[in-house]
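Chain by chain, the residues run as shown.
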Amino acid sequence: MSGRRILLFLLSLCLTVGSVQSQGSSQDTFIIQYLERRLAQMEERLNQCEQNTLSFSQKTYDLSTEIRGCLSTLTVLRSEVKSQMDGVSARVDRVERELEYLENKIPTQSDIEMEEALLEQQIIAAELEQLKKKSTIKIQNDCSTTLSQIKSLKIVKKAGDTHGCWFKDPSEGSAKVYLLSGIRNNTLQEYVSLESFTEKTSMPPAKMVQLPFDWQGTGHVVYNGFLYYHKADTPNQILKVDLLNGTVVDSTLLPGAGRLPVYSLNPDTYLDMAVDELGLWVIHADPEYRGNLVITKLDKGSLAVEYTWDTQCRSRDAEGAFLMCGTLYVVYNTRYGGRSTIQCLYDIHDTIHSNESPVMFFPKRYTSHSSIHYHPGEKQLYAWDDGYQTIYKVETRRND
């Protein structure tokens, strides 16, 4: 019953009561009073019912709000669980690939029956042979030292764009200097020597090498006369080009790379090639490993993946990195440009640890690097510093 109808009913009832009272009947007066009390009770019950209805509506609304919040939380938890499961799946896939690689490397001899004494002798002989190989590699590569200081800075020249890379071929006996200006092009400049590069009018002039495909980023190297670079418009394809004739002799797709810039302060570089005393490397960032850096050892001849290491060094606030004797050194800065520092390192031999190594500062020059390449023979860093081609001398100490 609506409020208007109740009022009309009460008005008509009052008129009736007035009419009856005018007649002076005591019985009718009692009946009317009884009806008034009943109407008051009905009105009180209606008010109570309305209040209960409002209370139930509020509780229903609060409950629905709580349920929506729980559903939102469940959606977030579901996304987190799915992300973690995807990460676990990627890790499992990597472990399976590594196990498959190891299985292919280890010869199967299940069909050969050998006596226990002979097997023990062969194991001892193999261990001795392995120790001989390790000692030979250590002597040949001189990897008993570690970086202790970035000693001095030399500004060689200013040529090309703000971003780019330059370096020498670290092969023994090579004096040529190479320059790739910008973050995308298909032209490489080759100079016969560093002296020829520093001259204002180089004689002979620089040789312009036209590459078969554009390169992307600033993470390229020349090694033994071959240019290794990231092919533009591909997430993770590496090309090996013979600089004598400018032809592609080999290529590979690096698994898991190319989905994230390797350094957050150089967003156009997704693969950073490097050379040290141990050979050819690729540095990249893995979004499934919290965006940390990953280093992969490549065979310089076939570009086959030899092994991959996940590091604890973050790509955020990094501007570059280089390898020395199998140790990754990551250079950090700010997005406004500042004094570069080495704050994280990763040693594949597990003899040097980042938390035990002090922060190393570059000589004062408050800009930023778009590329840093290590020359293992000269123990120098070739850096592209805001358009300037610079050389840093590094100081090392014995790693006991």
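What you see is a predicted model; the values in this text were computed from it and never measured.

Draft legend 1. How the structure looks around the pattern of salt bridges. Counted under the stated rule, the structure contains 12 salt bridges. Linking Glu190 and Lys176 is a salt bridge whose minimum nitrogen-to-oxygen distance equals 3.5 Å. With a gap of 14 residues between them, Glu190 in strand E4 (residues 184-191) and Lys176 in the loop between strand E2 (164-168) and strand E3 (177-181) connect regions that are remote in the sequence. A relative accessible area of 10% places Glu190 in the buried class.

Draft legend 2. Local environment of the nonpolar core. Residues Ile283, Leu293, Ile295, Leu328 and Val330 are the most contacted members of the largest nonpolar core, which totals 19 residues. Ignoring any residue separated from it by four or fewer positions in sequence, one finds Val330 in contact with Leu293, Cys313, Arg314, Ala318, Gly320, Ala321, Thr341, Ile342, Gln343 and Cys344. Counting residues in hydrophobic clusters, the runner-up holds 17 residues, among them Phe322, Ile342, Leu381 and Ala383.

Draft legend 3. Main features of the sheet that holds E2. Taken in spatial order, the 4 strands of this open sheet run E2-E3-E4-E5, and their pairing is antiparallel. Each edge of the sheet is formed by a strand with only one pairing partner; in this case those strands are E2 and strand E5 (207-216). Within the sheet, the average angular offset between the axes of one strand and its neighbour, ignoring direction, is 20°. Relative to E4, E3 is paired through 3 bridges, and the arrangement is antiparallel. Within E4, the position partnered with Tyr178 by the bridge is Glu190.

Draft legend 4. Region of the structure containing the environment of Leu323. Tracing the backbone shows Leu323 in strand E14 (residues 318-324). Here the alpha-carbon distance between Leu323 and Asp347, two residues 24 residues apart in the chain, equals 9.3 Å.

Each value, and the rule that gives it
Residues numbered from 1 in each chain as written. Predicted model: local features only at pLDDT ≥ 70, side-chain atom pairs only at ≥ 80, totals over all residues. Heavy atoms only, no water. Salt bridge = Lys/Arg side-chain N within 4 Å of Asp/Glu carboxyl O. Helix = DSSP H or I, 4+ residues; strand = E, 2+ residues; numbered from the N terminus. Buried < 20%, exposed > 50% of the residue type's maximum accessible area, 1.4 Å probe, protein only. Core = buried A, V, L, I, M, F, W, Y, C linked by side-chain atoms within 4.5 Å. Contact = heavy atoms within 4.5 Å. Pairing = 2+ DSSP bridges. Axes fitted to C-alpha atoms, helices over the stretch in contact; angles between N-to-C directions.

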